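# Per-entry structural report
So you can see what is in the structure, the chains are spelled out below.
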Amino acid sequence: MTSTSTSAPEAGTGTGGAMSLDHAGGGVLPADTCRWLLGGEQVGRVAFQADGEILVLPVNYVLDGEAIAFRTATGSKLAAALEEHAVGFEVDGHDPVARTGWSVLINGRAVAVRDPDGLARLEATGLAPWADRIDHPHWVRILPESMTGRVVAHS
């Protein structure tokens, strides 16, 4: 996990009841908390298969409705999007002093953004790639099929 400015959320059922736990004892985050956490971060990792290997690469991103959007150069991430491959996208944070942390995972499909309205909307976000030695003219959206979130839960 990476250290971030977004503090670890409280896990729970959303009704003030007992915390829902997964099979390993981690707290399960509700979807609205997952979306809030995604909106509070700037960098995540996109995971996909390319040339028989699993790649996990960092990207800075924006939320585009329910989708994740990022810029890329011509290469493996764009190729995955052009073929609409299955991808994973993960964002996390932790506080080593408090021994707390959280993680949000999206599974979905990567698609290249080509429609003029979509491109204009994404360009208006002002997202600029942190890796700026080469141009990143292409936009990729990850269309979520599932989203899960976990938080370290203490007794």
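Look above for the structure.
Residues numbered from 1 in each chain as written. Predicted model: local features only at pLDDT ≥ 70, side-chain atom pairs only at ≥ 80, totals over all residues. Heavy atoms only, no water.

### As for the environment of Ala31
- Here Ala31 is to be found in helix α1 (residues 31–39).
- Residue Ala31 is classed as partly exposed on the basis of its relative accessible area of 38%.
- Residues Ala31 and Thr148 lie 117 residues apart in sequence; the distance between their C-alpha atoms is 7.3 Å. (Helix = DSSP H or I, 4+ residues; strand = E, 2+ residues; numbered from the N terminus. Buried < 20%, exposed > 50% of the residue type's maximum accessible area, 1.4 Å probe, protein only.)

### As for the pairing of strand β3 (residues 53–60)
- Two elements, strand β2 (residues 43–50) and β3, share eight bridges in a ladder whose sense is antiparallel. Within β3, the position partnered with Ala47 by the bridge is Val56.
- Between β2 and β3, which pair antiparallel in sequence order, lie two residues; one of them, Asp51, sits at a positive phi of approximately 55°. (Pairing = 2+ DSSP bridges.)

### Description of the packing of aromatic side chains
- What the rule picks out here adds up to one aromatic pair.
- Arranged with centres 5.0 Å apart and planes meeting at 80°, the rings of Tyr61 and Phe89 form a pair that is edge-to-face. With Tyr61 in the loop between β3 and β4 (62–64) and Phe89 in strand β6 (residues 86–95), this residue pair connects regions lying 28 residues apart in the sequence. By the burial criterion, Tyr61 is buried, and Phe89 matches it. (Phe/Tyr/Trp six-rings, centres within 6.5 Å; stacked < 30°, edge-to-face > 60°.)

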